[in-house]
Amino acid sequence: MKHHIAALALFVLAVLSGDVFGANPGPPNLVVIVADDLGYADAGFNGNSDIPTPNIDRIAKGGVVFSDAYVPFTVCAPSRAGLITGRYPQRFGFERNPAWRPTDASIGLPREEKTIAEILRPAGYTSGVIGKWHLGAHDTLHPLSRGFDEFYGHLGGGHRYFPDDLTIQHTLEAKDEPQSYKTWISRGRVPVRTERYLTDEFSREAVEFVNRHKDGPFFLYLAYNAPHAPLQAPREEIEKFQHVPDEKRRIYSAMVNVMDRGIGELLNELDKLGLSDNTLIFFLSDNGGAVGSNGSKNTPLRGGKSDPFEGGFRVPMAARWPGVIPAGITFSKPVTALDILATIAAANHLKEDPQRPLDGVNLVPHLLGQENRVPHERIYLRMFDAKSYAMREGDFKIVKPKQAKDTNAALLFFNLANDQSEKNNIADLEPARLKSLQQSYEKWNAQLIEPIFPGLNMKEWQNAKP
C-alpha cells in the first residue's frame, strides 16, 4: 500500500510539473498484446478456472483489470484498424474484413489514417509488428509502409500453425483467403521458413525484439493469431487438457495456454532487462470469442464474435505500468481499445491531428482518480452490412439485431447494471430513454461513411477475376 501511495504522489507531482513520466526514466515503452477471438471468460482475471493463464494474469495483478472494455468492431480487421489508429474504423470506411487481393492498394487501412507507429515516430520510438497484420496486403499497406520499422508475421486474417503446413512461399502466390493461411512468414518483406509452432515463433520474436531495442523507447505490437481457427496445437499441449470433454474446447485451451506461456517469456525478458517499470503493457482480445467455431466462452455475456450483443465486442482487457498505474485494481467504467493510442500519445505530449481527432482518451487520470467523469459517455457500434448497430450510454444499451432489414424494426433495450446477459428487453418500460439513445446513435452515425472496399465474404467479389 505504501508503494502505491508513493507512486501516486510521484505521478501527481509529475503532472503538476509537466513531466508525465514521473519517476520513470524517459518515454515509456509500449507493448500491446492482442489475442485473436479470445473469449471474455477465458482469461483468469475474468474468472476463468479451466485454462491456466498465469502470465496474462500477471499483467492484470500488476495493474488494472478493465471489466467493461470494448473494441470498435466485432470482427478482426476493423477492430484492429480502430486500435492502431485510435479512431472508430467506421469513420474511414474500414468496416469489413478485407477481401484477399494483395495486388489492390485500395483494400486496407487508408493511407490518410495514421498508425500508432507513425504517430510515435517523432518521439523517437522504434516500432515493430509481430504476428497478424490484416490491415492490407498490398505493398503500400504493408507494416513497413505504415510507420513500422520491423515486421515478422503474416498479412492476412489468419494462418496455419505448423511449419509443414506453410507451403506457399510468396504472399502474391496466394490466390484466396484459404491459401493466404499457408504462406511462409515474412521477415520484413522477405518470406522465411519457420521452425516452430507459430505461436511459439511469435513469442520468441517478441523476446528478441525487446532485446534488440532495450535502449528504447520502443513500441511492440504483438498481434497473435491464436486462438483463431484453424484449431491446431502440439499434441503434448493438447494432452494437458484431456479432462476437457469437448474437442474444440480442448484444442482451444491448449492454444491459449501456449500463448500465455509465450507472454510469460516476454514479461520475464522485460524483468531481466530492467525494463518493466518503464513499460506500459496492454493485453486484450480483438473481439469476442468465436463461441461456435473455436470453443471459447463469453460467460456471462450474450452472443459472440460478429454479434452486436456484449459477447461480440466487450473483451478481456488489462494494463500494467508500474509506478504509474496502481497494482491490483479493477476499473468498471466503460473503456475502449481506442484509448490505447490516446494514452501513449498523452504520455509523450503528442498533439492529435485536428483533421483526424482521436476517439480514445488518456486513461491514466481516470485510473488515478484525478478525473471523475466516465472516460466515455457512449460506446458505439455500427455493422453496415448486417444492418445492425448498438450503443451503450451509462448502463443502458440499445441493440438493432443483425439483418433487421426494416429500419423501423423495434430496438432491443437493456439495463446492463442488472442484466449483463441482455436477457430482459425493457423497451416498453422506458420508451423516452430509448428514444433519446436512438437519437444519440443517429447523430453519431451521421458522421460515418460507407465501407470503401469489398469484404472477404462478398460473393460478387469472390467471383470476380483477379
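Residues numbered from 1 in each chain as written. Predicted model: local features only at pLDDT ≥ 70, side-chain atom pairs only at ≥ 80, totals over all residues. Heavy atoms only, no water.

Participant: Would you explain the overall build of the protein chain in this entry?
Facilitator: The number of helices and strands found in the protein chain is 14 helices and 15 strands. Relative to its length of 466 residues, the protein chain is compact, with a C-alpha radius of gyration of 21 Å against a globular reference of 23 Å. Taken along its principal axes, the extent of the C-alpha atoms in the protein chain is 60 × 60 × 50 Å. Burial statistics for the protein chain: of 466 residues in total, 60% are counted as buried. Summed over all atoms, the accessible surface of the protein chain reaches about 18600 Å², with 51% contributed by carbon and sulfur. In the protein chain, which carries 53 positive and 56 negative side-chain charges, the distance between the mean positions of the two groups comes to 2 Å. (Helix = DSSP H or I, 4+ residues; strand = E, 2+ residues; numbered from the N terminus. Rg over C-alpha atoms; globule rule 2.2 N^0.38 Å. Buried < 20%, exposed > 50% of the residue type's maximum accessible area, 1.4 Å probe, protein only. Areas by Shrake-Rupley, 256 points an atom, 1.4 Å probe, with all protein chains shown as cover. Lys, Arg positive; Asp, Glu negative; His and termini not counted. Charge placed at Lys NZ, Arg CZ, Asp CG, Glu CD.)

Participant: Help me understand the layout of surface pockets in this model?
Facilitator: In this approach, a probe sized like a water molecule rolls over the atoms, and the result shows the empty space that is left. Considering only enclosed or pocket space, the largest pocket measures out at about 560 Å³ in volume. As for the largest pocket, its lining consists of 25 residues, and the residues nearest its centre are Val-75, Arg-96, Asn-97, Asp-385 and Asn-457. Of the residues assigned to the lining of the largest pocket, the class counts are nine nonpolar, eight polar and eight charged. (1 Å grid on protein atoms, 1.4 Å probe; cavity = no way out; pocket = protein on both sides within 12 Å on 5 of 7 lines; lining within 4 Å. Points joined across faces, edges and corners; volume = space filled by probe spheres on them. Nonpolar A, V, L, I, M, F, W, Y, C, P; charged D, E, K, R; others polar.)

Participant: Mind showing me how you'd approach the side chain of Asn-348 here?
Facilitator: Tracing the backbone through its elements, the reader meets Asn-348 in the loop between helix H11 (339-347) and helix H12 (364-367). Reaching out from Asn-348, the side chain makes a polar contact with the backbone oxygen of Ile-344 at a distance of 3.0 Å. (Polar contact = N/O pair within 3.5 Å; in protein donor to acceptor, adjacent residues only side chain to side chain.)

Participant: Would you mind going over the sheet that holds strand E14 (residues 396-400) with me for this structure?
Facilitator: Sheet architecture is open: four strands sit in the order E12-E13-E14-E15, paired in antiparallel fashion. Only two strands of the sheet have a single partner each, and these edge strands are strand E12 (378-383) and strand E15 (412-415). Direction aside, the axes of adjacent strands within the sheet are offset by 10° on average. Two elements, E14 and E15, share four bridges in a ladder whose sense is antiparallel. (Pairing = 2+ DSSP bridges. Axes fitted to C-alpha atoms, helices over the stretch in contact; angles between N-to-C directions.)

Participant: Help me understand the packing of aromatic side chains in this model?
Facilitator: For any pair of aromatic rings, the description rests on two quantities: the centre-to-centre distance and the angle between the ring planes. Per the stated rule, a full pass over the model turns up 16 aromatic pairs. Residues Phe-94 and Phe-453 carry aromatic rings whose centres are separated by 5.0 Å and whose planes lie at 90° to one another, so their mutual orientation is edge-to-face. With a gap of 359 residues between them, Phe-94 in the loop between helix H3 (76-85) and helix H4 (116-120) and Phe-453 in the loop between helix H13 (431-445) and helix H14 (459-462) connect regions that are remote in the sequence. A residue is classified by how much of its surface remains accessible, and Phe-94, at 0% relative accessible area, is buried. On the basis of an interplanar angle of 50° and a centroid distance of 5.5 Å, the ring pair of Phe-162 and Tyr-197 is categorised as tilted. Of this pair, Phe-162 sits in the loop between strand E4 (150-154) and helix H5 (177-180) while Tyr-197 is found in the loop between strand E6 (190-192) and helix H6 (198-212), placing the two residues 35 residues apart along the sequence. Taken together, Tyr-88, Tyr-380, Tyr-389, Tyr-441 and Trp-444 form an aromatic cluster joined through their ring pairs. A cation over an aromatic ring shows up here: Arg-302 above the ring of Phe-309, its NZ or CZ 3.8 Å from the ring centre. Looking at Arg-433, its charged tip hangs above the ring of Phe-396, at a distance of 4.0 Å from the centre. (Phe/Tyr/Trp six-rings, centres within 6.5 Å; stacked < 30°, edge-to-face > 60°. Lys NZ or Arg CZ within 6 Å of the ring centre and 35° of its normal.)

Participant: Would you take a moment to explain the pattern of salt bridges for this structure?
Facilitator: Opposite charge on two side chains lets them pair, provided their charged atoms get close. In total, this model carries 35 salt bridges according to the counting rule given. Arg-91 is the salt-bridge partner of Asp-359, the closest N and O atoms lying 2.9 Å from each other. With Asp-359 in the loop between H11 and H12 and Arg-91 in the loop between H3 and H4, the pair connects residues that are 268 residues apart, well separated along the chain. Judged by relative accessible area, which is 17%, Asp-359 ranks as buried. Among the ionic pairs, Arg-261 bridges to Glu-237, the shortest N-O distance being 2.8 Å. One end of the pair, Arg-261, is in helix H8 (residues 247-272); the other, Glu-237, is in helix H7 (residues 235-238), and 24 residues separate them in sequence. The class for Glu-237 is buried, based on a relative accessible area of 6%. Residues participating in the shared-partner salt-bridge network are Asp-68, Glu-310, Arg-314, Arg-392, Asp-395, Lys-397 and Glu-422. (Salt bridge = Lys/Arg side-chain N within 4 Å of Asp/Glu carboxyl O.)

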